[in-house]
Amino acid sequence: MAAESIRPPWWLKPMNKVFMGVLRLGIPVGGRSGPVVLTVTGRKSGQPRSTPVTPMTVDGQRYVVGGFPGADWVRNARVNPDATLAQGRHKQQVRMVEMTPAQARPLLRQFPVLVPTGVGFIRNAGLVTEGTPDEFEKLTGTCAVFRLDPATAG
């Protein structure tokens, strides 16, 4: 199946809304390194757009992986890289920096180990079958990887 033909399941947006509500209430899900609500500015509307993501930490840096090629939040972040991460009442301003394919490759290899909850999601999307590091490495150029840098006062 071509990556361009991968579409999110019909239930994803409604489920994300429920999940974000749980996260915003501060109900613990996955501990401190679990999912957060990522809010980016819409590239067309200019309005805040939110989605749950699970960052991973590699060598002291935090990263997020776009689970679907062409996901709305990925396209928005490419246009408006300033974002907010929220976990309960804690909010952090970040700047999203997209990794080049060479930078993304080793990060994608680590994703199934560091974010095992994301493996099933990407498997259900049809992007991997087993969820091995080798399969995730092959998603280089298909799934975007962003580094989350602390926002600088400006």
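Here the structure is a predicted model, which means the values were calculated and not measured.

Caption draft 1: Expanded view of the packing of aromatic side chains. Applying the stated rule across the entire model yields two aromatic pairs. Their ring planes at 50 degrees and their centres at 5.8 Å tell us that Trp 73 and Phe 146 sit as a pair that is tilted. You can see Trp 73 sitting in helix α2 (residues 72–79) and its partner Phe 146 sitting in strand β7 (residues 145–150), a full 73 residues away along the chain. In this structure, Trp 73 and Phe 146 share a single accessibility class: buried. Centre to centre, the rings of Phe 111 and Phe 136 are 5.4 Å apart; their planes meet at 35 degrees, and the pair counts as tilted. Separated by 25 residues along the polypeptide, Phe 111 in helix α3 (residues 101–114) and Phe 136 in helix α5 (residues 133–137) bring together distant segments of the chain.

Caption draft 2: Spotlight on α2. The set of residues buried in α2 consists of Trp 73, Val 74, Asn 76 and Ala 77. Buried residues along α2 cover an arc of 165 degrees about the axis, so they all sit on one side.

Caption draft 3: Representation of the sheet that holds strand β1 (residues 36–41). Read from one edge to the other, the open sheet built from seven strands follows the order β2-β1-β5-β6-β7-β4-β3, with strand pairing classed as antiparallel. One side of each edge strand has no neighbouring strand; the edge strands of this open sheet are β2 (48–53) and β3 (56–58). Neighbour-to-neighbour, the strand axes of the sheet open up by a mean angle of 40 degrees, direction not taken into account. Taken together, the six bridges between strand β5 (residues 82–87) and strand β6 (residues 90–98) define a ladder with antiparallel strand orientation. Each bridged residue has a counterpart across the sheet, and for Gln 87 the counterpart in β6 is His 90. With respect to the sheet, α3 is in contact with β3, β4 (61–65), β6 and β7, its orientation differing from that of β3 by roughly 125 degrees.

Caption draft 4: Representation of the pattern of salt bridges in the model. Under the criterion given, the structure shown has eight salt bridges. Residue Asp 72 is joined to Arg 43 by a salt bridge in which the shortest nitrogen-to-oxygen separation is 3.7 Å. A residue pair is termed long-range when its members are at least 10 positions apart, and Asp 72 in helix α2 and Arg 43 in the loop between β1 and β2 qualify at 29 residues. For Asp 72, a relative accessible area of 35% translates into the label partly exposed. The class of Arg 43 is partly exposed, set by a relative accessible area of 28%. Its salt-bridge partner being Asp 82, residue Arg 95 comes within 2.7 Å of it at the nearest N-O pair. Here Arg 95 is found in strand β6, whereas its partner Asp 82 is found in strand β5, with 13 residues between them in sequence. With relative accessibility at 39%, the residue Arg 95 sits in the partly exposed group. A single network of salt bridges, built from pairs that share partners, joins Arg 105, Arg 109, Asp 134 and Glu 137.

Cut-offs used in this document
- Residues numbered from 1 in each chain as written.
- Predicted model: local features only at pLDDT ≥ 70, side-chain atom pairs only at ≥ 80, totals over all residues.
- Heavy atoms only, no water.
- Phe/Tyr/Trp six-rings, centres within 6.5 Å; stacked < 30°, edge-to-face > 60°.
- Helix = DSSP H or I, 4+ residues; strand = E, 2+ residues; numbered from the N terminus.
- Buried < 20%, exposed > 50% of the residue type's maximum accessible area, 1.4 Å probe, protein only.
- Arc of directions from axis to C-beta.
- Pairing = 2+ DSSP bridges.
- Axes fitted to C-alpha atoms, helices over the stretch in contact; angles between N-to-C directions.
- Contact = heavy atoms within 4.5 Å.
- Salt bridge = Lys/Arg side-chain N within 4 Å of Asp/Glu carboxyl O.

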